[in-house]
Amino acid sequence: MITFERVNKHYGALHVLQDINLTVNRGEVVVICGPSGSGKSTLLRTINRLEKIDDGAIHVGGQKIPTREREVNRFRQGIGFVFQNFNLFPHLTALENVTLAMRQLLGISRDDADAAGVRLLARVGLQEKAHSRPDQLSGGQQQRVAIARALGMKPPLILFDEPTSALDPEMVGEVLAVMRELAQDGMTMVCVTHEMGFAREVADRVIFMADGAILEDAPPEQFFTQPNCARLKSFLSDVRHA
């Protein structure tokens, strides 16, 4: 589904992605973790070209990521993206947030989009909140609306950029539960998260980044019980004692 070939990215003198080589297979759940400033969110955002790369190549679904703006916009329609801070339109209801792109980008009629939107909200446990605005929803509910919105475009791939980091602790579980269901349904998912319990339980592979490089890429059991690099051992120790 995704391949990185010697991808590099700089912010001025800062080398934030260093020779990244990575493959994500269709149907895989891949969790990316690491300390702040490791490059993990930048890596995620290069997949749908929210961040441009300086050299190397990224392919998604066998297609090299385009560079022309019109082609990029069309390309992004096939990738769901769930942001840390929800990015819902505050003046629209939950249902309107879910259906807006379906109507404007896919050309679906309002009635059909509304019917699909209600089904998607039901899927994330929020059918009764269809006509509530974001300021009437909890953080966890807003993030679940954002997931439903991403699903509305029927993407083969969804990217999650620290989807629970802006939530109060009691709301984290409801969002992770929806993500678990998506994983069980076979959705290809790449998740930047600090939720190590989710990584251990749901991920097919866990990737550890530091200083712009991938230092470890392993199945969860090996990742958590037999880490190879010292940086990862230190990171896991810090997480356990946090």
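All chains use their own residue numbering, which begins from 1 and follows the written sequence. For a predicted model such as this one, the threshold for reporting local features is a pLDDT of at least 70, and the threshold for listing and counting side-chain atom pairs is 80 or more; totals across whole chains, interfaces and linings nevertheless cover every residue. Note: side-chain values were computed over all heavy atoms of the structure, leaving out hydrogens and water.

Caption draft 1: Highlighting the overall build of the protein. Secondary structure is summarised from DSSP: a helix means a run of H or I of at least four residues, a strand means a run of E of at least two, and numbering begins at the N terminus for each. Looking only at helices and strands, the protein features nine helices and ten strands. In terms of overall size, the protein behaves like a compact globule, its C-alpha atoms giving a radius of gyration of 18 Å where 242 residues would be expected to give roughly 18 Å. Along the first, second and third principal axes, the C-alpha set of the protein runs to 55 × 45 × 30 Å. Split into buried and exposed, the 242 residues of the protein put 52% on the buried side. Throughout, a residue-residue contact means that at least one pair of heavy atoms, one from each residue, lies within 4.5 Å. A sequence separation of at least 24 residues applies to 65% of the contacts in the protein between residues at least 6 apart. Carbon and sulfur atoms make up 46% of the accessible area of the protein, which amounts to about 11,400 Å² in all. It is over C-alpha atoms that the radius of gyration is taken, and the globule rule equals 2.2 Å times the number of residues to the power 0.38. Per-residue accessibility, obtained with a 1.4 Å probe over protein chains only, is compared with the maximum for each type, and a residue is labelled buried under 20%, exposed over 50%, and partly exposed between these values. Calculation of accessible area relied on Shrake-Rupley with a 1.4 Å probe; when residues are assessed, cover is drawn exclusively from the protein chains displayed.

Caption draft 2: Representation of unusual backbone geometry within the structure. At R49, a residue that is not glycine, the phi angle is positive and equals roughly 60°. By secondary structure assignment, the location of R49 is in the loop between α1 (40-47) and β4 (55-60). Taking relative accessible area as the criterion, R49 reaches 15% and is therefore assigned buried. The phi dihedral of K154 falls on the positive side, at around 50°, and the residue is not glycine. Here K154 is to be found in the loop between α5 (139-152) and β7 (157-161). According to the relative accessible area criterion, K154 is exposed, its value standing at 74%.

Caption draft 3: Molecular detail of the sheet that holds β7. Taken in spatial order, the six strands line up as β6-β7-β8-β3-β9-β10 in an open sheet, and their pairing is mixed. Strands at the two margins of the open sheet, each flanked by one partner only, are β6 (79-82) and β10 (213-218). Between one strand axis and the next, the sheet turns by 15° as a mean value, whatever way the strands run. Strands pair, by our definition, only if DSSP identifies at least two bridges between them. When strand β3 (residues 29-33) meets strand β8 (residues 188-192), the two strands line up parallel, connected through four bridges. Pairing of V30 across the sheet is with V190, part of β8. Strand contacts of helix α6 (residues 169-184): β3, β7 and β8, with the helix running at about 145° to β8, the strand carrying the most contacts. Axis angles are defined between N-to-C directions and span 0 to 180 degrees, where every axis is a line fitted to C-alpha atoms and, for a helix, only to the segment in contact.

Caption draft 4: How the structure looks around the packing of α5 against α6. Between α5 and α6, whose axes approach to 8 Å, the crossing angle comes to 20°. Classified by the angle their axes make, α5 and α6 are roughly parallel. Where α5 crosses over α6, the handedness of that crossing is right-handed. Contacts between α5 and α6 involve G139, G140, Q141, Q143, R144, I147 and L151 from the former and M171, E174, V175, V178, M179 and L182 from the latter. Amino acids outside the nonpolar list (Ala, Val, Leu, Ile, Met, Phe, Trp, Tyr, Cys, Pro) and the charged list (Asp, Glu, Lys, Arg) are all regarded as polar, and Gly is one of them. Each residue belonging to the contact of α5 with α6 can be placed in one class, and the counts come to seven nonpolar, four polar and two charged. Each angle receives one of four descriptions, namely roughly parallel if under 35 degrees, roughly antiparallel if over 145, roughly perpendicular if within 65 to 115, and oblique otherwise. The hand of a helix crossing depends on one turn: near helix anticlockwise from the far one by less than a right angle means left-handed, and clockwise means right-handed.

Caption draft 5: Examining the packing of aromatic side chains more closely. Paired rings are identified among Phe, Tyr and Trp, the last through its six-membered ring, by centres lying within 6.5 Å, and are further divided according to the angle between planes into stacked (under 30 degrees), edge-to-face (over 60) and tilted (the rest). Under the defined criterion, the tally for this structure stands at three aromatic pairs. Each ring, one from F81 and one from F83, has its centre 4.5 Å from the other, and the planes form 40°; the classification is tilted. Residue classification places F83 among the partly exposed positions, given a relative accessible area of 22%. With a centroid separation of 5.2 Å and 50° between ring planes, the pair formed by F208 and F235 is classed as tilted. Taken together, the positions of F208 in strand β9 (residues 205-210) and F235 in helix α9 (residues 230-241) put the pair 27 residues apart, joining distant regions of the chain.

Caption draft 6: Here's a closer look at the environment of T188. Within the fold, T188 resides in strand β8. Aside from chain neighbours lying at most four places away, what touches T188 is M1, V24, N25, R26, G27, E28, P156, L157 and I158.

Caption draft 7: Spotlight on the environment of E51. Summarising the element assignment, E51 is placed in the loop between α1 and β4. The contact partners of E51, leaving out residues within four places of it in the chain, are K9, Y11, T42, R45 and T46. Polar contacts here mean pairs of N or O atoms no more than 3.5 Å apart (in protein, one a potential hydrogen donor and the other a potential acceptor; neighbouring residues in sequence count only if both atoms are side-chain atoms). A polar atom in the side chain of E51 sits 2.9 Å from the side chain of Y11.

Caption draft 8: Broad picture of the state of the cysteines. Put simply, a disulfide is two cysteine sulfurs that come within 2.5 Å. Scanning the model with the defined rule gives zero disulfides in all. In this model C33 remains outside any disulfide bridge; the closest cysteine sulfur is found in C229, 10.0 Å from its own. Cysteine C191 remains unbridged, with the sulfur of C33 as its closest cysteine sulfur at 12 Å.

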